[in-house]
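# Fold and contact review
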Amino acid sequence: MLYDNHGREMTYLRLAVTDRCNLRCFYCMPEEGIHYMPEKQLLTWEEMMRIVQQLYFLGLRKIRITGGEPLIRQGLMEFLEELSRLDGLEICLTSNGVLLEKHIPQLAKLGVRSINLSLDSLDRKRFHQITRRDDFDVVYSTMMRLIEADFKVKINAVVMDGKNELDILALAQLTKQYPISVRFIEEMPFNGSGKGPAILKWDFIKIVDHLKAHFGDMQAINLSYGETALRYQIPGFKGDVGVIAAFSRTFCGTCNRIRLTAMGEVKTCLYDDGVFDLKAFLRQGVSDEDIRQTFITLFGNRPKDGFEAEKNRKGIINESMTSIGG
Ligand code: SAM
Ligand code: SF4
């Protein structure tokens with residue numbers, strides 16, 4: 001089992017399989033001038049599988065495939081098929097939903113039951129303004145298909161001042177009829193510009209207060225280990241709502257996440273700027289044992305929380321979330 005130096009079990013890998021995306025969410029990346037990495041700078045599927053196998057050996061129980069938009073990279077379904085052979089490994093996917101619908105039957109067959117779908121607005125015009133693409137209809141219909149096919153659906157919505165506060169209640173209202181989780185995420189500074197929001201107006205406290213002011217007393221749901229969302233059920237509703245304090249960083253104490261970027265950088269925290277170039281290491285021809293030992297060493301030296309990780313950075317936060325994976 002892989003533990004960090006604070007006694008946290010490291011059982012969850014978030015693997016970004018590409019830095020490319022078919023949307024341009026303004027909180028995540030600039031509209032133009034994006035420097036995507038050339039393919040050979042990205043980990044290959046074989047390299048990713050090798051790393052996953054070593055982490056599995058060290059007790060990995062859950063993997064989330066993310067990006068960029070994971071469905072953009074050719075070969076994803078074959079990779080998921082290989083992952084599905086690792087007994088007991090929970091496979092989850094985070095997607096913007098634009099290319100997902102036709103893969104639903106195969107995802108179900110492969111046992112990928114948990115899908116996080118990014119949907120920041122239920123208004124077509126606002127969706128377009130936020131993502132800079134006109135794909136609302138396809139994403140909404142994909143959400144419906146996933147619910148019908150009985151997937152565990154979590155909707156991720158970044159709350160942005162002056163952009164989609166009107167959507168908070170509308171998105172929460174979805175949980176009345178559908179057994180889904182709607183999670184509101186504090187906006188983080190990973191938008192590729194080197195500048196975060198000047199002040200975070202919609203922090204987790206304000207979001208929860210706003211929900212309570214409208215829906216009355218909500219029932220708090222107990223957190224499971226490693227969970228990042230404060231979750232509540234609105235009485236009589238089928239699903240639940242959650243708030244992820246990604247900027248305020250209230251959840252670091254039980255963080256069990258290993259992050260690997262599409263370029264093969266290991267991150268021991270969302271807020272670090274990459275602590276090890278695993279791709280270069282792999283390409284030196286190292287052994288499986290070397291890979292495992294590297295993870296043990298890196299996580300044996302992990303900052304206690306996101307504030308400490310940010311302090312240890314070499315430069316300011318100027319990367320896009322597409323390279324990190326969320
Ligand atoms: N393309 C996929 C998607 O959008 O779901 C997966 C990758 S995306 C980077 C993963 C998650 O990061 C999404 O839920 C997105 O909303 C979130 N995200 C991106 N930039 C963010 C930011 N600046 N602050 C908070 N969350 C962000
Ligand atoms: Fe693409 Fe996801 Fe970033 Fe939006 S949040 S630009 S969909 S990677």
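The protein has the name GTP 3',8-cyclase in an unreviewed UniProt entry, where Aquirufa salirivi is given as its organism. In the Cofactor (unreviewed entry) part of its UniProt record, the protein is described as follows: "[4Fe-4S] cluster".

### A word on the overall build of the protein
Scanning the protein for helices and strands turns up 11 helices and 12 strands. Here the protein has a C-alpha radius of gyration of 19 Å; the compact-globule value for 326 residues is 20 Å, and the two agree. Principal axes of the C-alpha set define a box for the protein whose edges measure 55 × 45 × 40 Å. The buried share of the protein, reckoned over its 326 residues, is 55%. Partitioning the contacts of the protein with sequence separation of at least 6, the portion at a separation of at least 24 is 72%. Carbon and sulfur atoms make up 51% of the accessible area of the protein, which totals about 14300 Å². Between the averaged position of the 43 positive side-chain charges in the protein and that of its 43 negative side-chain charges there is a distance of 1 Å.

### Comments concerning the UniProt feature "domain: Radical SAM core" (unreviewed entry) in the protein
The sites that carry the UniProt feature "domain: Radical SAM core" (unreviewed entry) are, in the present numbering, residues 5-217. Split by type, residues 5-217 is 33% helix and 16% strand. Its first and last C-alpha atoms lie 39 Å apart.

### Let's talk about the packing of aromatic side chains
This model, assessed by the stated rule, comprises 7 aromatic pairs. Relative to F281, the ring of F276 has its centre 5.3 Å away and its plane inclined at 75°; by these criteria the two rings are edge-to-face. Given a relative accessible area of 23%, F276 falls into the partly exposed group. F281 gets classed as buried once you look at its relative accessible area, which sits at 18%. The cationic tip of R113 hangs over the ring face of F151; the distance from NZ or CZ to the ring centre is 4.4 Å.

### Some points on the site of ligand 1
Lining the immediate surroundings of ligand 1 are 20 residues, of which Y27, G68, S118, N156 and M188 lie closest. Taking E69, its side chain carries an N or O atom lying 3.2 Å from a nitrogen atom of ligand 1. In the environment of ligand 1, an oxygen atom lies 3.3 Å from a nitrogen or oxygen atom belonging to the backbone of S95. Alone, ligand 1 offers 540 Å² of accessible surface; in the complex the protein occludes 95% of this. Sorting the residues of the shell around ligand 1 by element identifies β3 (90-95), β5 (152-159) and β6 (181-186) as the ones contributing at least two each. A per-class count over the shell around ligand 1 returns 7 nonpolar, 10 polar and 3 charged.

### Remarks on the site of ligand 2
All residues adjacent to ligand 2 are C21, L23, C25, Y27, C28, M29, G68, N96 and T322. Residues belonging to the shell around ligand 2 are distributed by class as follows: 6 nonpolar, 3 polar and no charged.

### Looking at the nonpolar core
One finds L15, I65, L83, F184, L211 and F295 to be the most contacted residues of the largest nonpolar core, which totals 102 residues. Here F184 is in contact with A157, V159, I168, L171, A172, I207, L211, G242, V243 and I244, once residues within four sequence places are set aside.

### Observations regarding the layout of surface pockets
Roughly 460 Å³ of internal volume is contained in the second largest pocket. Lining the second largest pocket are 22 residues, and of these M37, M263, E319, S320 and S323 lie nearest its centre. Looking at the lining of the second largest pocket, the elements that each hand over two or more residues are β11 (265-267) and α11 (321-324). For the lining of the second largest pocket, the leading source of residues is α11, giving 3 residues.

Cut-offs and rules
- Residues numbered from 1 in each chain as written.
- Chains lettered and ligands numbered in written order.
- Predicted model: local features only at pLDDT ≥ 70, side-chain atom pairs only at ≥ 80, totals over all residues.
- Heavy atoms only, no water.
- UniProt positions renumbered as here; feature names shortened; annotations may be inferred.
- Helix = DSSP H or I, 4+ residues; strand = E, 2+ residues; numbered from the N terminus.
- Rg over C-alpha atoms; globule rule 2.2 N^0.38 Å.
- Buried < 20%, exposed > 50% of the residue type's maximum accessible area, 1.4 Å probe, protein only.
- Contact = heavy atoms within 4.5 Å.
- Areas by Shrake-Rupley, 256 points an atom, 1.4 Å probe, with all protein chains shown as cover.
- Lys, Arg positive; Asp, Glu negative; His and termini not counted.
- Charge placed at Lys NZ, Arg CZ, Asp CG, Glu CD.
- Phe/Tyr/Trp six-rings, centres within 6.5 Å; stacked < 30°, edge-to-face > 60°.
- Lys NZ or Arg CZ within 6 Å of the ring centre and 35° of its normal.
- Near = heavy atom within 4 Å.
- Polar contact = N/O pair within 3.5 Å; in protein donor to acceptor, adjacent residues only side chain to side chain.
- Nonpolar A, V, L, I, M, F, W, Y, C, P; charged D, E, K, R; others polar.
- Core = buried A, V, L, I, M, F, W, Y, C linked by side-chain atoms within 4.5 Å.
- 1 Å grid on protein atoms, 1.4 Å probe; cavity = no way out; pocket = protein on both sides within 12 Å on 5 of 7 lines; lining within 4 Å.
- Points joined across faces, edges and corners; volume = space filled by probe spheres on them.

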